[in-house]
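The residues making up each chain are set out below.
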Amino acid sequence: MHSVTYSMSMSLDGYIVGPDGGFNWTPLDPDVFRFWIDEIRDVGVHLMGRRLYETMLYWETADADPSLGDAELEWTALWKPLPKVVFSTTLASVEGNARIASAGLADEIQRLRSEPGDGDIAIGGATLAHEAAALDLIDEYRVIVYPVLVGGGIPFFAHRERRVDLELVETRTFPPNVIYLRYRVAR
């Protein structure tokens, strides 16, 4: 069965974007970018909300940019063919290898888990991940923690009164002082 993972970068005080909606405190470090490239190789389908979908649209045509380096071209080559499911009530259509979700999140994940093949079901975007967490659908939380306090914004974790026990699976440190934490939900 496919695992459902939630991976994002986060400030030390727990936000994926700051109060201004930006994430300029997550500089594109070559080692961290290489990590994201390696992680996307294990994804079979990526679920996302409208905001993340619109942010990631850049990568659908990025390979036409002659200034891209080898790592960015490698990411684009992996991202473009990756199946994506977009959860949106406002989009009428999507581009690339994406489709608009035809069912609710729980039903989509149940259907995707039952499909043959390899790869994780990755959830991107905090709003969608918060919904999946509330439904107890996330198997692993993966976070890259940046050494900055941004003071507000969109939190990585929903602020709900629900306990979830986790098992530490992996840690890694990237220079300068960026930490990757991978936790599996204890079931």
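Look up a bit, the structure's there.
Residues numbered from 1 in each chain as written. Predicted model: local features only at pLDDT ≥ 70, side-chain atom pairs only at ≥ 80, totals over all residues. Heavy atoms only, no water.

> Would you take a moment to explain the sheet that holds strand E7 (residues 140-146) for this structure?
Backbone hydrogen bonds hold the strands of a sheet together, and the pairing may be parallel or antiparallel. The eight strands lie next to each other as E5-E4-E3-E6-E1-E7-E10-E9, forming an open sheet whose pairing is mixed. Looking at strand neighbours, the two that pair on one side only are strand E5 (98-100) and strand E9 (166-174), the edges of this open sheet. Geometrically, the sheet is characterised by an average inter-axis angle of 20° between neighbouring strands, direction not taken into account. Bridge count between strand E3 (residues 43-49) and strand E4 (residues 84-87): four bridges; the pairing is parallel. Paired with His 46 across the two strands is Lys 84, which belongs to E4. Together, strand E1 (4-11), E3, E4, strand E6 (120-124) and E7 form the strand contacts of helix H6 (residues 126-134), whose direction differs from that of E6 by roughly 125°. (Pairing = 2+ DSSP bridges. Helix = DSSP H or I, 4+ residues; strand = E, 2+ residues; numbered from the N terminus. Axes fitted to C-alpha atoms, helices over the stretch in contact; angles between N-to-C directions. Contact = heavy atoms within 4.5 Å.)

> Help me out: how do you make sense of H6 in this one?
An α-helix turns once per 3.6 residues; consequently, residues spaced three or four apart project the same way. Along H6, the residues classified as buried are Ala 126, Leu 128, Ala 129, His 130, Ala 132 and Ala 133. One or two positions beyond H6, positive phi appears at Asp 136, with a value near 60°. (Buried < 20%, exposed > 50% of the residue type's maximum accessible area, 1.4 Å probe, protein only.)

> Any chance you could explain the pattern of salt bridges here in plain terms?
When the charged atoms of two side chains lie near each other, side chains of opposite charge can form a pair. Taken as a whole and judged by the stated rule, the model has 21 salt bridges. The closest approach of N and O atoms between Arg 113 and Asp 139, which form a salt bridge, is 3.1 Å. Taken as a pair, Arg 113 in helix H5 (residues 105-114) and Asp 139 in the loop between H6 and E7 lie far apart in primary sequence, 26 residues in all. Of the two residues examined, Arg 113 and Asp 139, each falls in the buried class. The closest approach of N and O atoms between Arg 184 and Glu 140, which form a salt bridge, is 3.7 Å. Here Arg 184, found in strand E10 (residues 178-185), pairs with Glu 140, found in strand E7; they are 44 residues apart in sequence, far enough to count as distant. According to the relative accessible area criterion, Arg 184 is partly exposed, its value standing at 35%. By relative accessible area, Glu 140 is classed as buried at 5%. (Salt bridge = Lys/Arg side-chain N within 4 Å of Asp/Glu carboxyl O.)

These figures capture arrangement, not role.
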